[in-house]
Structure formats: structure tokens, C-alpha cells
Protein chains: 2
Amino acid sequence: MKTYSVAIVGATGAVGTQMLTCLAEQAFPVGSLKLLASPRSAGKVVETPWGNVTVEAAAPEAFDGVDIVLGAAEDDVARALYPEAVARGAVVVDNSHAFRLDANVPLVVPEVNAADIASHEGIIANPNCATIIGLVPTWPLHQLAGVTRMIVSTYQAASGAGVPGMRELEEQLAALGRGEELPEPRAFAAQLASNLIPQIGGFDGEGFTSEEMKLQNEGRKIMHLPELRVNCTCVRVPVLRSHSESITLEFEREVTLDEVREALAAAPGVKLVDDREAESAHDRWPMPLDTTDQDLIYVGRIRRDISNPNPARGVTFWCCGDQIRKGAATNAVQIAKLLTE
Amino acid sequence: MKTYSVAIVGATGAVGTQMLTCLAEQAFPVGSLKLLASPRSAGKVVETPWGNVTVEAAAPEAFDGVDIVLGAAEDDVARALYPEAVARGAVVVDNSHAFRLDANVPLVVPEVNAADIASHEGIIANPNCATIIGLVPTWPLHQLAGVTRMIVSTYQAASGAGVPGMRELEEQLAALGRGEELPEPRAFAAQLASNLIPQIGGFDGEGFTSEEMKLQNEGRKIMHLPELRVNCTCVRVPVLRSHSESITLEFEREVTLDEVREALAAAPGVKLVDDREAESAHDRWPMPLDTTDQDLIYVGRIRRDISNPNPARGVTFWCCGDQIRKGAATNAVQIAKLLTE
């Protein structure tokens, strides 16, 4: 079997660490492995399924001989380094925002637009976590009836701010639990434990945050729907690592709820959890704790949008997915796997 | 000054206790005070601004001589007892769901439909907490441009399940904080700490929960809009006592965002918190921690609904309000106060 020389950039972060696990789980044909990170992590030894690997500082020459780069670093690192990797013959699957909307960079959710991978010129972008988690169940419904409009409210986990975000929430919960004063927030703009923070990313001139606009801008590109209208409200919630979304869709054509359920039950990457009569809460509807450390997007609470002037052209549902896995690492490794097939 | 004989039913619960505080804060002319509760709380002595009061078992004869009853008990208690109170000459302001949709019972948010109080026949109903918190900012926008459609996702606090709900969340947070195993959930269907529970109330045949349908059914009655279409998704979040709502409105007429902001800034019961440039997070947008133990509904994140085919006819915002106060006790005492004026 052909094997590949793989490098993970940002290998010591939450997403980079998860990418390592996902490579093994997805039986990726790793021939050799490089773990790249900031100079301050260089020298650290990481146990991997392919032996112990010493972390190297991410620099252009580190990409010599590398076939596939999995990028889990910030935008500035991505912009500086990945063209260098491409120049050295590597293909980069990048989880940063840097290249997502570039015309010559495919933006891919394998369950939606795997075919777009073929047109890459060295870089393939991994979408934003909330975009992936929302689109995996939206796409089969688009195929069913044509989505024209999405109204989304998100419930996003601390992990979206990486390890520092998760640590901050855990520290705050620990302090609350011991009845101690909470440390000053650093990763988030305010206390997250027992609170909600309705801003993720910076504001544009219209009052939307960058995170909110990603669902429309990335969704249009991924689903090849340049006219799609998406209104999104992104909210950080005191949950560790699974995002949830309340999604209302409008369709071109009428659908029955049975058709919607069948489409979702058959959709790749989706697990239908929508049994209102189920004895166990875990079978009744998706919850972020249940999708923690899972790859599937759980979808439930499926019902008509009764506010739609024609309810047969609207549906509302609730979905949850692990932000670090399908929201980032799993999706990136799926793309890399497709590159090898 | 004329004073009134007041009785609180369910006086030892979260809402009943808060009603006592609200009576004092709103300078309600209390002449005498009865605290009624289940037999197991009878005999307990409660310190009040009007002296120590011994809790009595709620029973029909307890209403003899009472002018105003504030009801903070469950539906079954309400149905059994309040007609008895009315028969004895009292006016009841009831926070339960029992009478809310009865044709001869006004359902009142004083900022919206105070005039409806006049038509009461002994019972006035206090709306559901999420309804009150959503309608206080929606009403001035309806007056501005005519609301035809609401799409709402809620982020509801543990206090909606009363003291047991708050205690359960606190116990779970404490266990998490100490790294201990969490006790089995009792008040909620699943673990709430570090999780979300997307069901509040029982399901109807269409897959909506009772809590979700309240916003449409109660909203129609309160705003006198029998055709109003409301699509709501209600989610329990690990927050102690303030509800938050992500609300998208469609209007009959076009509006500017300046008109929306002016209407909200001038609206009774509303505090506009919508300064994207503010240094402090607390001035940038509403957060549930900031509205905890406050009477006002904080409103912010005001922007166009860019998914609306005509964005000038749509607006999206975020609001937070204390569930026990304006969502219940404050609103009930406001109604009682209006009865005395």
C-alpha cells in the first residue's frame, strides 16, 4: 500500500492533537509523521501510533519531503507557511480561516462537496466548525427540497477557543464548585460558567460577528448556492466541546416530515436522535454531552416551521456535534483520506 | 392610604419568595400578609418587611378577608383553590398555566396590555416566563412596524424548574468542580451542567413542547394578534436564573435600525445594551449573569435579518431577563399594583 509523509501544523493544540487520533481511527496510510508547532513547543516528545515523535518548529524547510499537511494553526501561520509547503510539493488541508473564501481553494465538507477536492491547487480549506455541524444535516434537506433561507441560533462550546478556552471554563467551574472567587476571564470576554456570551469573533459594520457570517459565506461556497440567505446568531455557552444549533430552513418545494426524517436517516455523517417517546433522554433528542468525542452530527427535534406562511415549505430542527472532531479534525482527515483514494 | 390584605400561595418556593421582595420593592400597600403553602411547609416562620409571618396550609378558608392573592403554585393547586378565593371576594394574580388561555381571564404583561386588567372576573393570569421576556422588547417593535412572524430560540435557566432545578444545577457544578461523580438528575431529564437539554414541557402531536407553544398562544392573546405566527425552540442551559432569547421578527412595514433602536430605548421595562465598541463586555451586549436579580429586560445584538427577502422588514436581536423576577414575580406584583391604582 502506498503511504504518505504527513505533517500536522499546530500539532500540540486541541485540534492538532485530535488530528493525530483521527489519522489512526480513519486508518490513514501514514508513512512518516512530522509534528510542527511554535518554537516554544519544539523539542517536546509526543507518543503517537507511529512511534514517539519530537515536535519541530514550524518553518518552510520542515515541509521538505512532506506529501500532506494538516493545518491546525492560526490564520497568520497559515498564510506564512502553507504556500511554502505547496511550493515544496505538499497538499495542505487547512483548518484556519486564511484561505477559505479564496476562489482557487476548495472548501470542503466531504458529505456535501467531496468532488470539489479535485480542483485544488495545493490548498484545501476545512470550513468553520459551526458551518460543518450545520451543513451536514442541511445538505440532504437541500437535495430533497431546495434550501433558500436559513435562520440559525448556535450554542457553541468553549473548545471553539481551543485549549485555553476549555481550561478557562474548567477553572471557572472548579472555582464555582468550591465556592471560590472566579479568576479573571482571559480566553473569553466575560465569565462563561453559568453565563452566555453572545459574541464570537469581531463585528462587521452591520452588527454581525465574523463567526455569524461564516455560515452564510462558507455555506454558499460549499453547497454551490451563491444566493443562499443565512441569518445566524452565535452564542458561546458553558459546554466543553460540542456545539449545538437550532436551525430553521425554508425550501423551494413542499416536503413532508417523513421525507425529511428519511433523508436525514439516510444521510452520511448524521445520526437521527428524534424519538419523543423514548424512555432514555439520550434517545429523545441530541445533547452536546452525548456527541462529545463522537464523529457524527446528531439531529433531532424535527418539526414544521409553523411560522412559515406555508409550513410545508419550512422545517426546524436541533443538532449537536463535537467541535474538535467533526467541527475540525475529523473533517480535515476525511479530506486528506479522499486525497489518497 | 388604602391598604390591602395580601396572600401569597406557594410562598416558600422560588417565585413566592421573590414576590415577597417585589411587594416591598414596588411599595405595594400591604395591610396584612398571609403566606400559604403546602401542609409540609405550614408552621414555618418567615421574616418579612411586615413582620414575622407563620406559613399556613393553603386551603379555601385561608382566603377569608383576603383582597389580593398572588399565586405561585402549580396548575392543580391553582385550579382547586383560586375559584374559592374569588368566591370569597379576592382578586387572584396567578403565575400558573391553569387559566392563561381562558377567555374570561386577562393574560397581562403590564408594559404591553395593562388595559386588559379591567376586564377581569376575579382571576388575572401572569404569562409564562419566556413569553414575558420575549414580548417586552417585541411589543414596541410591533407598535413600530407590525410584527407578523417570530422565530425564537431560547436559552433558559435552571430556575424555570424552581428551587429544585437551581439546586440540581448547583450540586452538579459543585461535583464537577471537585472532580466528583455527578448525582443522578432528578429535576431535569439529563445532566444540565456542561450540557444543554432541548426539551422543556411535554410534547404535542406536532413535536413542539408546551413551553414552545406558549410563546405563540400566549403572545397572540397578550398582543391581540390572533394571526401571529411563532416558531420557537426552547432549550435549557446551565445558567442559574436568567433566560436569554435569540429573536428574529418579520414586520408588515419597512423599518430602519435607528427606528428599532429608538423604539427599544424608549420602551418601558427595556434596557438597551448594544454598544459594539464598548470597552466593557457588560456594555456590549446583554448576558444572563448581568440580568440576574434585575427587573429589566436587556436587549442588544440588534441587526437586520439578512435572510429576509426584504431585510428592511426583518430584525434580529438578543435579550436576557431574570426568570424569577420579570419572568414571574415582578410581573405579577406589577399587575397587583395596577389593581390598586
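Only a predicted model underlies this, so the values are computations on that prediction, with no experimental measurement involved.

(A) View of the packing of helix H4 (residues 129-145) of chain A against helix H7 (residues 257-266) of chain A. All names here are of chain A. At a closest axis distance of 9 Å, the pairing of H4 and H7 adopts a crossing angle of 130°. The pairing of H4 with H7 is recorded here as oblique in orientation. Crossing angle aside, the handedness with which H4 passes H7 is right-handed. Of H7, the residues touching H4 (which contributes Pro137, Pro140, Leu141 and Leu144) are Glu259, Val260, Ala263 and Leu264.

(B) View of helix H2 (residues 75-87) of chain A. All names here are of chain A. With 13 residues, H2 ought to run about 18 Å at 1.5 Å a step, and its terminal C-alpha atoms sit 18 Å apart, in line with that. The largest bend along H2 measures about 30° and falls at leucine 81, with the proline proline 83 one to four residues further on. Among all positions of H2, only Ala78, Leu81, Tyr82 and Ala85 are buried. Downstream of H2 by a residue or two, glycine 89 has a phi angle that is positive, lying close to 95°.

(C) Local environment of the relation of the copies chain A and chain B. Expressed as a screw transformation, the operator carrying chain A onto chain B has a rotation angle of 180° and an axial translation of 0.0 Å, and the superposed copies differ by an RMSD of 0.0 Å. Such a turn and shift between the copies fits a two-fold axis. The C-alpha atom lying nearest the rotation axis in chain A is that of glycine 177 of chain A; the distance is 2.1 Å. Looking at chain A, 100% of its interface residues are interface residues in chain B too, so the copies touch through the same face.

(D) Layout of the pairing of strand E2 (residues 30-37) of chain B. All names here are of chain B. As judged from the six bridges shared by strand E1 (residues 4-9) and E2, these two strands associate in the parallel manner. Counted as the bridge partner of isoleucine 8 is leucine 35 from E2. The β-α-β motif built from E1, the intervening helix H1 (residues 14-25) and the parallel element E2 has right-handed crossover chirality. Pairing analysis gives two bridges linking E2 to strand E5 (residues 56-57), with the strands arranged parallel. Bridging from a neighbouring strand, leucine 36 pairs with glutamate 56 of E5.

(E) The pairing of strand E9 (residues 147-155) of chain A, seen in detail. Residue and element names in this part refer to chain A. The element E9 is extensively covered by neighbouring structure, given that eight of its nine residues are classed as buried. In the sheet, E9 pairs with strand E10 (residues 229-233) via five bridges, with the strands oriented parallel. Within E10, the position partnered with arginine 149 by the bridge is arginine 229.

(F) Local environment of the sheet that holds E10 of chain A. Residues and elements named next belong to chain A. What the six strands build is an open sheet, ordered E10-E9-E11-E14-E13-E12; its pairing is mixed. Edge positions in the open sheet fall to E10 and strand E12 (270-272), since each of these has one partner strand only. Going from strand to strand, the sheet's axes swing by 25° on average, the running direction of each strand aside. As defined by bridge partners, E12 adjoins strand E13 (residues 297-304) across three bridges and the pair is classed as parallel. Bridging across to E13, lysine 271 finds its partner in tyrosine 298. Packing against the sheet, H4 makes contact with E9, strand E11 (242-251), E12, E13 and strand E14 (314-322), and its axis sits at approximately 30° to E11.

(G) How the structure looks around the interface of chain A and chain B. Chain A puts 63 residues into the contact, and the matching count from chain B is 63 residues. Overall, the association of chain A and chain B removes approximately 5200 Å² of surface from exposure, summing both partners, and the carbon and sulfur fraction of that is 59%. Of all residues in chain A, Leu196, Arg276 and Ile306 of chain A bury the most surface against chain B, accounting for 12% of the area lost on that side. Where chain A packs against chain B, one counts eight salt bridges. Notably, a salt bridge pairs glutamate 212 of chain A with arginine 301 of chain B, separated by 2.7 Å at the nearest N-O pair. Where chain A touches chain B, the interface holds 34 residue pairs in polar contact (both at pLDDT 80 or more). The element best represented in the side of chain A that touches chain B is E9 of chain A, accounting for six residues. Residues belonging to the side of chain A that touches chain B are distributed by class as follows: 31 nonpolar, 19 polar and 13 charged.

(H) Looking closely at helix H7 (residues 257-266) of chain B. Residue and element names in this part refer to chain B. Inspection of H7 places Leu257, Val260, Ala263 and Leu264 among the buried residues, and these make up the whole buried set. Down the axis of H7, the smallest arc covering the buried residues is 125°, so these residues share one side. Away from its buried face, by an angle of more than 90 degrees, H7 presents the exposed residues Asp258, Glu262, Ala265 and Ala266. In this structure, the buried residues of H7 make contact with helix H4 (129-145), strand E12 (270-272), strand E13 (297-304) and strand E14 (314-322).

(I) Summary view of the sheet that holds strand E1 (residues 4-9) of chain A. Residue and element names in this part refer to chain A. Here we have six strands laid out as an open sheet, ordered E5-E2-E1-E6-E7-E8, and parallel in their pairing. The outermost strands of the open sheet, each flanked by one partner alone, are strand E5 (56-57) and strand E8 (123-125). Along the sheet, H2 makes contact with E1, strand E6 (68-71), strand E7 (91-94) and E8, crossing E7 at roughly 155°.

(J) Summary view of the pattern of salt bridges. All names here are of chain A. Summed over all chains, the structure comprises 38 salt bridges over all chains. A salt bridge links arginine 241 to aspartate 293; its shortest N-O distance comes to 3.6 Å. With arginine 241 in the loop between E10 and E11 and aspartate 293 in the loop between helix H9 (288-291) and E13, this pair connects stretches of sequence that are 52 residues apart. The buried category is assigned to arginine 241, whose relative accessible area is 15%.

(K) Examining unusual backbone geometry more closely. Residues and elements named next belong to chain B. Although it is not a glycine, serine 194 adopts a positive phi angle of roughly 60°. Within the fold, serine 194 resides in the loop between helix H5 (162-177) and helix H6 (210-223). Given the relative accessible area of 12%, serine 194 is considered buried. Positive phi, normally seen in glycine, also occurs at aspartate 293, with a value near 65°. Among the residues examined, aspartate 293 registers a relative accessible area of 41% and is labelled partly exposed.

The rules behind the values
- Residues numbered from 1 in each chain as written.
- Chains lettered and ligands numbered in written order.
- Predicted model: local features only at pLDDT ≥ 70, side-chain atom pairs only at ≥ 80, totals over all residues.
- Heavy atoms only, no water.
- Axes fitted to C-alpha atoms, helices over the stretch in contact; angles between N-to-C directions.
- Helix = DSSP H or I, 4+ residues; strand = E, 2+ residues; numbered from the N terminus.
- Parallel < 35°, antiparallel > 145°, perpendicular 65-115°, else oblique.
- Left-handed = near helix turned anticlockwise from the far one by under 90°.
- Contact = heavy atoms within 4.5 Å.
- Expected span 1.5 Å × (residues − 1).
- Bend = angle between axes of the 7 residues up to and from the residue.
- Buried < 20%, exposed > 50% of the residue type's maximum accessible area, 1.4 Å probe, protein only.
- Least-squares fit on C-alpha atoms with pLDDT ≥ 70 in both.
- Pairing = 2+ DSSP bridges.
- Right-handed = clockwise from strand over helix to strand, strands pointing away.
- Buried area = accessible area lost by both parts, 1.4 Å probe.
- Salt bridge = Lys/Arg side-chain N within 4 Å of Asp/Glu carboxyl O.
- Polar contact = N/O pair within 3.5 Å; in protein donor to acceptor, adjacent residues only side chain to side chain.
- Nonpolar A, V, L, I, M, F, W, Y, C, P; charged D, E, K, R; others polar.
- Arc of directions from axis to C-beta.

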